[in-house]
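Fold and geometry: a report
One-letter residues, chain by chain:
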Amino acid sequence: IDVSKPEDPQVLGYLKITGYSDYLHPYDENHVIGIGKETRGGDEHFSWYQGIKISLFDVSDVENPVEEAKIEIGDRGTDSYALYDHKAFLFNKEKKLLVIPVMLAEIDESQYNGDIPDNTYGNHVWQGAYVLNIDSNEISLRGKITHIENQSEVENYWGYYGKYSVKRSLFMDDYLYTISDGKIKANNLETVEEINSVDLPYEENRIYYAY
């Protein structure tokens, strides 16, 4: 969108693809990162959202943007703090690094005979940080980090309740740090191998609302 004339903005180009982006972040002067949800089914007016979709758009030709690379994470019900709070999004172009917290939902296909309906939710099976490689041609998984020792506990999470839900990430030198209310964990930035962790003092104080 050309906003050189604020009183008369003009659409220069657009790209029609499945899914949508909740957040757009510049990669460089010719590329934009989009993070949101994939979609499936429906028609031109409606689709069922699915898992998280991260795309890299080439916008060097503003009249004809191109989805250069993408990765999909999980099934319907998968979510991320980064979709609502962009401080949860960590990106560094030089290190080819992209990190987001993920609540992973997966569908147990053994429970279905035949096709699985597009509106089927997966079960929460994992929460932590997805560490991704990103460059101008590809987005791929570098590794995953979790603070939750017993992943069966995730089944009881709705949203992100739980003191070991990873909320933030940052890096210093060759170390990647992930942060939850109850822990800080350090991992090798390249291999994602765990180095050490420290527990934080935290008193869980949930508030429940009656509807």
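Residues numbered from 1 in each chain as written. Predicted model: local features only at pLDDT ≥ 70, side-chain atom pairs only at ≥ 80, totals over all residues. Heavy atoms only, no water.

Examining the pattern of salt bridges
- In this structure the tally under the stated criterion is six salt bridges.
- Where arginine 168 meets aspartate 85, a salt bridge forms, and the shortest distance between an N and an O atom there is 2.8 Å. A residue pair is termed long-range when its members are at least 10 positions apart, and arginine 168 in strand β9 (residues 168–172) and aspartate 85 in the loop between β4 (66–73) and β5 (90–92) qualify at 83 residues.
- Arginine 168 sits in the partly exposed class, given a relative accessible area of 29%.
- The exposure class assigned to aspartate 85 is partly exposed, which follows from its relative accessible area of 29%. (Salt bridge = Lys/Arg side-chain N within 4 Å of Asp/Glu carboxyl O. Helix = DSSP H or I, 4+ residues; strand = E, 2+ residues; numbered from the N terminus. Buried < 20%, exposed > 50% of the residue type's maximum accessible area, 1.4 Å probe, protein only.)

Looking at the packing of aromatic side chains
- All told, the structure shown has four aromatic pairs when counted by the stated rule.
- Here phenylalanine 46 and tryptophan 48 contribute two aromatic rings whose centre-to-centre distance is 5.0 Å and whose plane-to-plane angle is 85°, an arrangement assigned as edge-to-face.
- Relative accessible area serves as the criterion here: at 43%, phenylalanine 46 is assigned to the partly exposed category.
- It is arginine 76 that lies over the ring of tyrosine 121; its NZ or CZ is 4.3 Å from the centre.
- Stacked on the ring of tyrosine 164, the Lys or Arg lysine 183 has its end atom at 5.3 Å from the ring centre. (Phe/Tyr/Trp six-rings, centres within 6.5 Å; stacked < 30°, edge-to-face > 60°. Lys NZ or Arg CZ within 6 Å of the ring centre and 35° of its normal.)

Side note on the sheet that holds strand β3 (residues 46–58)
- Reading across from one edge, β1-β2-β3-β4 is the order of the four strands in this open sheet, with antiparallel pairing throughout. Lying at the two open borders of the sheet, with one neighbouring strand each, are β1 (20–28) and β4. Across the sheet, the axes of successive neighbouring strands diverge by a mean angle of 35°, strand direction being ignored.
- As paired elements, β3 and β4 share seven bridges and run antiparallel to each other. When the bridges of β4 are listed, aspartate 58 appears paired with valine 66. (Pairing = 2+ DSSP bridges. Axes fitted to C-alpha atoms, helices over the stretch in contact; angles between N-to-C directions.)

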